[in-house]
Amino acid sequence: MKNIGYSLLLQIPTDVPKPGDSGTVDLSEPFDLIVFIILPIVFVILYFVWKRNKKRDRDKNN
């Protein structure tokens, strides 16, 4: 029975990132600020501009 526990321990990966290893988002870092704040805002703005232009083209064709 002792050998079974030892063989199970040998199968646990050691270099795989675990969920508890990652820290929180640090907004003082430029990369985190750009990826988590600025890019989502830019995508939302571009989406609404695209929808507005699509609606204008559809209304213009009718």
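Scroll up to find the structure this text is about.
Here the structure is a predicted model, which means the values were calculated and not measured.

> Mind laying out a positive patch on the surface, listing which residues take part and the relevant values?
Judged by side-chain charge, K51, K54, K55 and R58 come together as a positively charged surface patch. Structurally, the position occupied by K51 is in helix α2 (residues 30–61).

> Give me the environment of D32: which residues, what numbers.
Checked against the element boundaries, D32 lands in helix α2. Among the residues examined, D32 registers a relative accessible area of 16% and is labelled buried. Dropping the residues within four chain positions of it, D32 is found in contact with V25, D26, L27 and I37.

> Break down the packing of aromatic side chains for me, citing the residues and quoting the values.
For any two aromatic rings, the description comes down to two numbers: the centre-to-centre distance and the angle of the planes. Here the structure, examined in full by the defined rule, presents two aromatic pairs. For the pair Y47 and F48, a centre-to-centre distance of 5.6 Å together with 70 degrees between the ring planes defines the contact as edge-to-face. By relative accessible area, which is 54% here, F48 ends up exposed. Summarising the aromatic geometry, the rings of Y47 and W50 are spaced 6.2 Å apart at their centres and angled 40 degrees between planes, so their arrangement reads as tilted. Taken together, the positions of Y47 and W50, both in helix α2 and three residues apart, correspond to about one turn of that helix.

The rules we used
Numbers given to residues run from 1 along each chain, matching the order in which its sequence is written. Owing to the predicted nature of the model, reporting of local features is limited to residues with pLDDT of at least 70; listing and counting of side-chain atom pairs is limited to 80 or more, with chain, interface and lining totals taken over all residues. Side-chain numbers come from the whole structure's heavy atoms, not from hydrogens or water. Patches draw on residues past 30% relative accessible area with no salt bridge. Two like charges within 9 Å are joined, as are two nonpolar side chains (Val, Leu, Ile, Met, Phe, Trp, Tyr) within 5 Å. Throughout, the Shrake-Rupley method with a 1.4 Å probe supplies accessible areas, and for residues the shown protein chains are the sole cover considered. Salt bridges, as used here, are contacts in which a Lys or Arg side-chain nitrogen is within 4 Å of a carboxyl oxygen on Asp or Glu. Under the counting rule used here, the positive set is Lys and Arg, the negative set is Asp and Glu, and His together with the chain ends is not counted. The location of each charge is read from NZ of Lys, CZ of Arg, CG of Asp or CD of Glu. Numbering goes from the N terminus for both helices and strands, where a helix is a DSSP run of H or I of at least four residues and a strand is a run of E of at least two. Think of it in three bands: with a 1.4 Å probe and only protein chains considered, a residue is buried below 20% of the maximum accessible area for its type, exposed above 50%, and partly exposed in between. Contacts between residues were defined by any pair of non-hydrogen atoms, one from each residue, lying within 4.5 Å. Stacked, tilted and edge-to-face are the three classes applied to pairs of Phe, Tyr and Trp rings, where Trp contributes its six-membered ring and a pair requires centres within 6.5 Å; stacked means planes under 30 degrees apart, edge-to-face means over 60, and tilted covers the rest.

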